[in-house]
Amino acid sequence: MVTTHELSVQTRGDGDVLNLTGQLGSCVHRSGVTSGIVVVAVIGSTAGITTIEYEPGLVADIRTAFDRIAPTGVAYEHDSRWGDGNGHAHVRASMLGPSVALPLVDGKMALGTWQQVVLVDFETRPRTRHIVVQIMGE
Amino acid sequence: MVTTHELSVQTRGDGDVLNLTGQLGSCVHRSGVTSGIVVVAVIGSTAGITTIEYEPGLVADIRTAFDRIAPTGVAYEHDSRWGDGNGHAHVRASMLGPSVALPLVDGKMALGTWQQVVLVDFETRPRTRHIVVQIMGE
Amino acid sequence: MVTTHELSVQTRGDGDVLNLTGQLGSCVHRSGVTSGIVVVAVIGSTAGITTIEYEPGLVADIRTAFDRIAPTGVAYEHDSRWGDGNGHAHVRASMLGPSVALPLVDGKMALGTWQQVVLVDFETRPRTRHIVVQIMGE
């Protein structure tokens with residue numbers, strides 16, 4: 001059995017981190033699938049999906065870490081060519097990756113107590129983001 | 001067909017890298033699935049899963065690289081708020097990602113000869129880690 | 001239904017980025033699967049898979065960013081032990097990850113208009129790369 005769900009969320013951009021876990025749990029419940037795989041993927045090339053202990057300290061820390069890897073104050077070829085000013089956002093998103101695959105066991109995603117599935121939006125401005133949730137199993 | 005397997009491993013923490021490939025091969029064998037997808041996911045927010053050529057040199061090199069991205073000697077908001085002293089471990093784990101999805105073809109995971117599936121435990125102390133292995137296919 | 005496809009591509013190595021999206025679309029079409037999951041995985045431990053807006057600026061920028069994380073001018077234990085001179089390539093590949101899982105909806109992978117699935121080959125020399133594409137669904 002395969003079911004598809006789409007989430008739309010409003011971000012503030014600039015490394016904003018949104019906790020999707022509750023909405024994903026609802027998708028899993030509605031799907032009726034209790035054993036299988038969940039794939040969570042964000043549409044677009046300046047945001048990514050991962051897991052984190054969702055608390056304000058780490059939300060700040062992850063942004064700081066990405067500032068170190070792909071700083072905003074250096075030159076990007078993307079910006080020179082297209083003038084978008086979001087070269088760093090693209091690089092960060094590609095490094096983080098657009099999706100996460102998780103086991104679905106006994107009707108629940110395999111996550112720790114302090115482990116949440118999050119969207120990280122690196123875009124330079126607020127965005128409406130669309131996330132496709134694919135649930136496959138039995 | 002969906003089968004679920006759980007591995008428990010003892011790590012030394014602090015960037016310890018454990019080769020899971022042999023145990024995963026046993027899971028695949030026991031599952032009876034010969035064609036499909038394998039999802040390997042670690043429970044918790046201070047460890048991640050990836051592939052690497054598993055040899056002592058690279059085990060050291062990957063730790064050094066993560067020291068560069070999310071050093072231990074800088075301030076983390078997570079540590080200021082919670083006093084855990086493991087802010088860097090959380091950040092590293094979120095960047096690496098909690099899971100890997102691999103094709104399962106002719107009863108084997110799609111891996112190169114010198115490519116192993118590993119757990120990287122960034123926690124500041126030894127931990128028992130639980131890994132959920134979801135095998136789906138026919 | 002599970003179908004397996006293998007792509008072989010020729011890279012120039014050294015952070016070369018190849019757009020696989022067109023070939024993946026052909027695989028999806030041939031598979032006959034319209035709803036499910038696509039897993040794209042590269043064989044080998046010095047290359048990775050992600051998504052990016054595939055344009056020459058970002059192809060340069062992603063290489064620059066990986067130069068920052070795992071520079072070529074520093075010592076790697078891997079190189080000391082094995083003399084391969086590709087320690088940085090291994091570290092970069094492990095950080096990026098060997099695969100991406102994407103939803104397959106209405107016969108199309110869930111991707112944005114400016115979001116392509118790419119292989120990044122970090123190896124120090126040109127390589128022929130084999131990518132396994134697993135398509136599962138109905």
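Preceding this paragraph is the structure being described.
Residues numbered from 1 in each chain as written. Chains lettered and ligands numbered in written order. Predicted model: local features only at pLDDT ≥ 70, side-chain atom pairs only at ≥ 80, totals over all residues.

(A) Looking closely at the interface of chain C and chain A. Between chain C and chain A, the residue contacts involve 30 residues of the former and 28 residues of the latter. By residue class, the composition of the side of chain C that touches chain A is 17 nonpolar, 9 polar and 4 charged. (Contact = placed C-beta atoms within 7 Å. Nonpolar A, V, L, I, M, F, W, Y, C, P; charged D, E, K, R; others polar.)

(B) Highlighting the relation of the copies chain B and chain C. In screw terms, the move from chain B to chain C is a rotation of 120° and a rise of 0.0 Å along the axis, fitting with an RMSD of 0.0 Å. The transformation just described matches what one would write down for a three-fold rotation axis. Looking at chain B, a mere 17% of its interface residues are interface residues in chain C too, so the copies touch through different faces. (Least-squares fit on C-alpha atoms with pLDDT ≥ 70 in both.)

(C) Main features of the interface of chain B and chain C. Each partner contributes residues to the interface: chain B has 30 residues there, and chain C has 28 residues. Those elements giving two or more residues to the side of chain B that touches chain C turn out to be β3 (36–42), β4 (47–52), α2 (56–69), β5 (99–105) and β8 (127–137) of chain B. Per-element accounting of the side of chain B that touches chain C gives the leading share, 8 residues, to α2 of chain B. (Helix = DSSP H or I, 4+ residues; strand = E, 2+ residues; numbered from the N terminus.)

(D) Summary view of the environment of A65 of chain B. Its place among the elements puts A65 of chain B in helix α2. Through-space distance from the C-alpha of A65 of chain B to that of L18 of chain B is 17 Å; in sequence the pair is 47 residues apart.

(E) Structural context of the relation of the copies chain C and chain A. Note on the identical chains: chain C maps onto chain A by a rotation of 120° and an axial translation of 0.0 Å, with an RMSD of 0.0 Å. A share of only 17% of interface residues in chain C that are also interface residues in chain A marks the association as one of differing surfaces.

(F) Here's a closer look at the sheet that holds β5 of chain B. Residues and elements named next belong to chain B. Read from one edge to the other, the open sheet built from 5 strands follows the order β1-β8-β3-β5-β6, with strand pairing classed as antiparallel. Edge strands, defined here as strands with exactly one partner in the open sheet, are β1 (2–11) and β6 (108–109). The sheet contact formed by β3 and β8 spans 7 bridges and is antiparallel. Considered in β8, the bridge of A41 is made with V132. The strands touched by helix α1 (residues 21–31) within the sheet are β1, β3, β5, β6 and β8, with β8 carrying the most contacts at an inclination of about 40°. (Pairing = 2+ DSSP bridges. Axes fitted to C-alpha atoms, helices over the stretch in contact; angles between N-to-C directions.)

(G) Structural context of the sheet that holds strand β3 (residues 36–42) of chain C. Residue and element names in this part refer to chain C. Taken together, the 5 strands give an open sheet; going across it, the order is β1-β8-β3-β5-β6, and neighbouring strands pair in antiparallel fashion. For this open sheet the edge positions go to β1 (2–10) and β6 (108–109), each flanked by a neighbour on one side alone. Across 9 bridges, β1 lies against strand β8 (residues 128–137) in antiparallel orientation. Each residue of the ladder has a partner; that of T3, found in β8, is I135. Against the sheet, helix α1 (residues 21–31) engages β1, β3, β5 (99–105), β6 and β8, with an angle of about 40° to β8.

(H) Up close: the packing of helix α4 (residues 87–96) of chain A against helix α2 (residues 56–69) of chain C. Running from N to C, α4 of chain A and α2 of chain C cross one another at 65°; their axes reach a closest spacing of 10 Å. One finds that α4 of chain A runs roughly perpendicular with respect to α2 of chain C. Between α4 of chain A and α2 of chain C lies a crossing whose hand is right-handed. Contacts from G87, H90, V91, S94 and M95 of chain A of α4 of chain A reach α2 of chain C at L58, D61, I62 and A65 of chain C. When the residues that make up the contact of α4 of chain A with α2 of chain C are grouped by side-chain class, the tally is 5 nonpolar, 3 polar and 1 charged. (Parallel < 35°, antiparallel > 145°, perpendicular 65-115°, else oblique. Left-handed = near helix turned anticlockwise from the far one by under 90°.)

(I) Inspection of the environment of W114 of chain B at higher detail. Relative to the assigned elements, W114 of chain B resides in the loop between β6 and β7 (116–121). Taking the number of C-beta atoms within 10 Å as the measure of exposure, W114 of chain B has 15 and is therefore partly exposed. Sequence-wise, W114 of chain B and E55 of chain B are 59 residues apart; in three dimensions their C-alpha atoms are separated by 9.3 Å. If we skip the residues at most four places from it in the chain, W114 of chain B touches E53 of chain B together with S45 of chain C. (Buried ≥ 20, exposed ≤ 12 C-beta atoms within 10 Å, placed from the backbone.)

(J) Representation of the environment of A75 of chain A in the model. Residues and elements named next belong to chain A. You can see A75 is positioned in the loop between α2 (56–69) and α3 (77–82). You can call A75 exposed: it has 10 C-beta atoms within 10 Å. Sequence separation between A75 and G87 is 12 residues, and the spatial gap between their C-alpha atoms is 8.5 Å.

Keep in mind these numbers describe shape, not what the thing actually does.
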